[in-house]
Amino acid sequence: MNSQEDAPPSFDFTYDHYSLIVKDLEKTGTFYKDILRLKEIPHPSATSGFRWFIINGNSQLHLIGKDSVAMKHSKSVHLCLATQKLDEFVAYLTEKEVPYSDWPGKPNAITLRADGVRQIYVQDPENNWIEINTAKH
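Notes on the structure follow. Bear in mind that the values here come from a model prediction, so they are computed numbers and not experimental data. (Residues numbered from 1 in each chain as written. Predicted model: local features only at pLDDT ≥ 70, side-chain atom pairs only at ≥ 80, totals over all residues. Heavy atoms only, no water.)

### Re the overall build of the protein
Turning to step 1, where the next piece is worked out: Scanning the protein for helices and strands turns up two helices and eight strands.
Turning to step 2, where the next piece is worked out: The order of α-helices and β-strands along the protein, N terminus first, is β-α-β-β-β-β-α-β-β-β.
Turning to step 3, where the next piece is worked out: Along the three orthogonal principal directions, the C-alpha set of the protein runs to about 55 × 40 × 30 Å.
Turning to step 4, where the next piece is worked out: Counting across all 137 residues of the protein, residues that qualify as buried make up 36%.
Turning to step 5, where the next piece is worked out: In the protein, once contacts between residues fewer than 6 apart in sequence are set aside, the share between residues at least 24 apart is 55%.
Turning to step 6, where the next piece is worked out: About 9,400 Å² of surface is accessible on the protein, with carbon and sulfur atoms providing 52% of the total.
Turning to step 7, where the next piece is worked out: Within the protein, the 18 negative side-chain charges are centred at a point lying 5 Å from the centre of the 15 positive side-chain charges. (Helix = DSSP H or I, 4+ residues; strand = E, 2+ residues; numbered from the N terminus. Buried < 20%, exposed > 50% of the residue type's maximum accessible area, 1.4 Å probe, protein only. Contact = heavy atoms within 4.5 Å. Areas by Shrake-Rupley, 256 points an atom, 1.4 Å probe, with all protein chains shown as cover. Lys, Arg positive; Asp, Glu negative; His and termini not counted. Charge placed at Lys NZ, Arg CZ, Asp CG, Glu CD.)

Written as structure tokens, this is what we have:
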């Protein structure tokens, strides 16, 4: 009964985008463009109120500007980006004086997960959490 033959067919989802609502679209967008070095792309129809970025391939990050944002910023809710250049990125953050921490919150520390993946956490100018790790895909 638990065989793959009995399972309904997959919808073959692929990851498309992650959206964040932000108050200061300019400042927060500049963080993603200049600090994380994501490539900015134009919104297909809106000339203002949005900043879109390519993460890799076709995956995107969409920033949506709003006058008020009622949100708690739990570290458990975060965008996660993977790189095999974590040490270079940490040196870059240090040079730019961008704080980072490990999962428990120790400044300038890197978490080593049980599966061998190393990870750090940073926050954008509006305190949204971003995990950067070394997972291989």
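### Quick word on the sheet that holds strand β8 (residues 129-133)
Turning to step 1, where the next piece is worked out: Ordered in space as β5-β8-β7-β6, the four strands form an open sheet in which the pairing is mixed. Two strands close off the open sheet at either side, each with one partner strand: β5 (78-82) and β6 (111-112).
Turning to step 2, where the next piece is worked out: Pairing between β6 and strand β7 (residues 118-123): two bridges, direction antiparallel. Within β7, the residue paired with L112 across the bridge is R118. (Pairing = 2+ DSSP bridges.)

### Quick notes on helix α1 (residues 25-35)
Turning to step 1, where the next piece is worked out: Of all the positions in α1, only L25, T28, G29, F31, Y32 and I35 are classed as buried.
Turning to step 2, where the next piece is worked out: Positive backbone phi, approximately 60°, marks R37, located one or two places after α1.

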